[in-house]
Amino acid sequence: MVLEWDAKLETGLDLIDDQHRELYRLVKLVLDPGTETRVEDTIKFLENYVVRHFTDEESLQVASQYPGLPEHKEIHTGFIKSFLDLKAQLAAAESDEEREIAIQALNGAVVNWLGNHIKIHDRHFAEWFKGPQEWLEALSISPEGPGEGQ
Ligand SMILES: [Fe+2]
Ligand SMILES: [Fe+2]
């Protein structure tokens, strides 16, 4: 199971979309790390990137006073917990077969979770975030406040 990027994953917020694309690239790397990289290193990198992405996304939600922040944050935290459990399962694998099962489980969990989370929760936030901006533009009001001479 490999993630493929598609238009339904676009939120329209550049920072978020760029980070989501990078997450997809990293997930693919876990399955096919190439000769230079160890799976564990890729997973560690993915974990750090996920945490950074969640932090950036939540900061945007704090800054824009998104009412869904507590729920969204809880979902992020739940994902990190499952991710760490699966990482521990990989570390505890005692044979190549167990290792392969753990890698597939991790990949499947990330693929399913990430796609669903972006399409539902992240897009919900993005729509909400863009809403006020569009209203301000329609009313010709700068988000920084009225300009000179007004
Ligand atoms: Fe999110
Ligand atoms: Fe996200």
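Read on for an overview of the structure.

1. Things to note about the packing of helix H1 (residues 14-31) against helix H2 (residues 39-63)
Their axes nearest at 10 Å, the elements H1 and H2 cross at an angle of 165°. Taken as axis vectors, H1 and H2 run roughly antiparallel relative to one another. Where H1 crosses over H2, the two elements pack in a sense that is left-handed. Taken together, the residues of H2 that come into contact with H1 (itself represented by Leu 15, Ile 16, Gln 19, Glu 22, Leu 23, Leu 26, Val 27, Leu 29 and Val 30) are Val 39, Thr 42, Ile 43, Phe 45, Leu 46, Tyr 49, Val 50, His 53, Asp 56 and Glu 57.

2. Topic: H2
The end-to-end C-alpha separation of H2 is 36 Å, in line with the 36 Å expected for 25 residues at 1.5 Å each. On its buried face, H2 is in contact with H1 and helix H3 (69-92).

3. Overview of the packing of H2 against H3
Where H2 contacts H3, the axes come no closer than 11 Å and their chain directions differ by 175°. It follows from the interaxial angle that H2 and H3 lie roughly antiparallel. Here Ile 43, Glu 47, Val 50, Val 51, Phe 54, Glu 58, Gln 61 and Val 62 of H2 come into contact with H3, specifically with Leu 69, His 72, Lys 73, His 76, Ile 80, Phe 83 and Lys 87. Its residues placed into classes, the contact of H2 with H3 shows 8 nonpolar, 3 polar and 4 charged.

4. As for unusual backbone geometry
Unlike most non-glycine residues, Gln 65 shows phi in positive territory, near 55°. Take Gln 65: it is sitting in the loop between H2 and H3.

Reading the values: the criteria
Residues numbered from 1 in each chain as written. Chains lettered and ligands numbered in written order. Predicted model: local features only at pLDDT ≥ 70, side-chain atom pairs only at ≥ 80, totals over all residues. Axes fitted to C-alpha atoms, helices over the stretch in contact; angles between N-to-C directions. Helix = DSSP H or I, 4+ residues; strand = E, 2+ residues; numbered from the N terminus. Parallel < 35°, antiparallel > 145°, perpendicular 65-115°, else oblique. Left-handed = near helix turned anticlockwise from the far one by under 90°. Contact = placed C-beta atoms within 7 Å. Expected span 1.5 Å × (residues − 1). Nonpolar A, V, L, I, M, F, W, Y, C, P; charged D, E, K, R; others polar.

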